[in-house]
Amino acid sequence: MKVDTILAQAGSRRDAATGSIAIPIHPSASFQHPALGRSTGFDYSRTANPTRLALEETMAALEGGARGAAFASGLAAVDAALRLFSPGDKVAATEDLYGGTFRLFEKFGKPLNLDFIYVDTSDTEATARALDLPGVKGLFVEVPSNPLLKVADLAALGRLARQKEIFYIVDNTFLTPVVCRPFEYGADLTIYSATKYLGGHNDLIAGLAVAKTAALGERLAFIQNAVGAILGPFESWLLLRSLKTLTLRLKKHEENALAVARRLSAHPRVRNLHYPGLPSDPGHQVLAGQADGFGGMISFETESAARAAEILSSVKVFMFAESLGSAESLITYPIAQTHADIAPEIQARLGLTDCLLRLSIGLEDPGDLIDDLEAVL
Ligand SMILES: *Cc1c(COP(=O)(O)O)cnc(C)c1O
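Residues numbered from 1 in each chain as written. Predicted model: local features only at pLDDT ≥ 70, side-chain atom pairs only at ≥ 80, totals over all residues. Heavy atoms only, no water.

Visitor: So what about the domain arrangement of the chain? Which residues, and what values?
Guide: Assigned domains within the chain: domain 1 (3–243) and domain 2 (246–376). Averaged C-alpha coordinates put domain 1 and domain 2 at centres separated by 25 Å. Opposite the 39 residues of domain 1 that make contact, domain 2 presents 41 residues. Interface area, domain 1 with domain 2, both sides summed: about 3,300 Å², of which 61% is carbon and sulfur. (Domains from an automatic or database assignment. Contact = heavy atoms within 4.5 Å. Buried area = accessible area lost by both parts, 1.4 Å probe.)

Visitor: Provide a residue-level description of the layout of surface pockets, including the pertinent values.
Guide: The computed volume of the largest pocket comes to approximately 360 Å³. Taken together, 24 residues line the largest pocket, and the ones lying closest to its centre are G74, L75, Y98, S193 and K196. Every element with two or more residues in the lining of the largest pocket is listed here: α3 (74–82) and β6 (189–193). Split into classes, the residues belonging to the lining of the largest pocket amount to ten nonpolar, nine polar and five charged. Each of domain 1 (3–243) and domain 2 (246–376) accounts for three or more of the residues forming the lining of the largest pocket. (1 Å grid on protein atoms, 1.4 Å probe; cavity = no way out; pocket = protein on both sides within 12 Å on 5 of 7 lines; lining within 4 Å. Points joined across faces, edges and corners; volume = space filled by probe spheres on them. Helix = DSSP H or I, 4+ residues; strand = E, 2+ residues; numbered from the N terminus. Nonpolar A, V, L, I, M, F, W, Y, C, P; charged D, E, K, R; others polar.)

Visitor: Report on the packing of aromatic side chains, specifying residues and quantitative values.
Guide: Evaluated as defined, the whole model comprises six aromatic pairs. On the numbers, 5.6 Å between centres and 45 degrees between planes, the contact of F31 with F42 is tilted. Note that F31 is positioned in the loop between α1 (3–8) and α2 (50–63) and F42 in the loop between α1 and α2, a separation of eleven residues in sequence. F42 shares its class with F31; the two are buried. Here F105 and F140 contribute two aromatic rings whose centre-to-centre distance is 5.3 Å and whose plane-to-plane angle is 85 degrees, an arrangement assigned as edge-to-face. Taken as a pair, F105 in helix α4 (residues 99–109) and F140 in strand β4 (residues 136–142) lie far apart in primary sequence, 35 residues in all. F140 shares its class with F105; the two are buried. Site record: aromatic cluster; members linked through ring pairs are F105, F116 and F140. (Phe/Tyr/Trp six-rings, centres within 6.5 Å; stacked < 30°, edge-to-face > 60°. Buried < 20%, exposed > 50% of the residue type's maximum accessible area, 1.4 Å probe, protein only.)

Visitor: Explain the pairing of β6 to me, and be specific about the residues and the numbers.
Guide: Regular strands have side chains that alternate between both faces of the sheet. Counting buried positions along β6 yields five of five residues, so the element is predominantly enclosed. Taking every second residue as pointing to the same face, both faces of β6 are buried, with L189, I191 and S193 on one and T190 and Y192 on the other. The pairing of strand β5 (residues 167–171) with β6 spans three bridges and is classified as parallel. Residue V170 lies in a different strand from β6, and its bridge partner there is T190. With five bridges joining them, β6 and strand β7 (residues 207–211) adopt antiparallel strand pairing. By the bridge assignment for β7, Y192 is matched with L208. (Pairing = 2+ DSSP bridges.)

Visitor: Can you lay out unusual backbone geometry for me, pointing to particular residues and giving the numbers?
Guide: Cis peptide bonds are those with omega within 30 degrees of zero, and the linkage from V143 to P144 qualifies with -15 degrees. Counting through the fold element by element, P144 comes out in the loop between β4 and α6 (154–163). Residue P147 follows N146 across a cis peptide bond; omega there is 10 degrees. Tracing the sequence through the fold places P147 in the loop between β4 and α6. Phi at N202 takes a positive value of approximately 55 degrees, unusual for a residue other than glycine. Mapping N202 onto the fold places it in the loop between β6 and β7. Within the chain, S323 stands out as a residue other than glycine whose phi angle is a positive 110 degrees. Positionally, S323 belongs in the loop between β10 (319–320) and β11 (330–332). On the basis of relative accessible area, S323 is assigned to the buried category, the value being 14%.

Here it is as structure tokens:
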């Protein structure tokens, strides 16, 4: 079935006893066995829970993967991915990575004797050189990157990964499986902060990982059960409910983002606007070739840090808050919020300046969003 059909019926047809169309929330910690040596398929909810399983199977079906695993947060999903590596392995990763992922790699990956090489993954040749370094076993890519929205060529990286036998992970939080399905380009594992577009309503924290093959899925499920950072049944239900409208929401996020980006890019007080949906953006062509859309994230620079601070405190429709992908439009100051844990010299090299603002374009009327920004600019 196609993505929209899977989404519309997420969680349905799973309760033969009552015919319930909405998936029930199963809070049970453990499950009664019919007899010795027999099981309903559920024993203990850390290992498997019926509501969570519906979510995990929906995600696997959406992506054409073998198995999904739902976690307590996006970072718990990244942590599970890290545990797939062995001591001594090196991982090449997108250099303007989500700050929390960078912090996890540096503070908890390194003590496990993993090492990380940060590279501009929108530069396929630079990435190829990083993958040639001795000991590199993994590639971890965010697309588009955050907050600079650089676009990696997922298919080209997939070919490199296959050639060099590299384990290829894509954090697909910004695009979701509605817009981009990384398994089609050779990825082995996808990661989501479901807190963002998949949840979409700013009312839950959740993470997901999907494995392409059954063998990898089994290892992932083993980690999920052994470490225990599972998503609870209520959040699993809420996320299934949110998934039903994902395509509709993403269309509107993108329509609004394009309208805002067009207007802002022509504004005399806006510099270095990044939105891959604009044909002039360096990532436009590559993203158009590998995705069915461009997402709802924009970043740009103002003329000074003082001006950025003024904008943050004067907006009336946008809300000054970190996070993204929800119905409500948010404005974020990456250098002090989402990317505060990145070392100052790396921030400077990447162009993560104190003038940079990031917009998560919500579902409001685009005219109201534009008027709000024009008033504060
Ligand atoms: C937010 C985010 C994460 C972390 O997810 P949480 O749900 O906040 O733990 C990871 N990757 C990306 C790209 C994100 O935006």
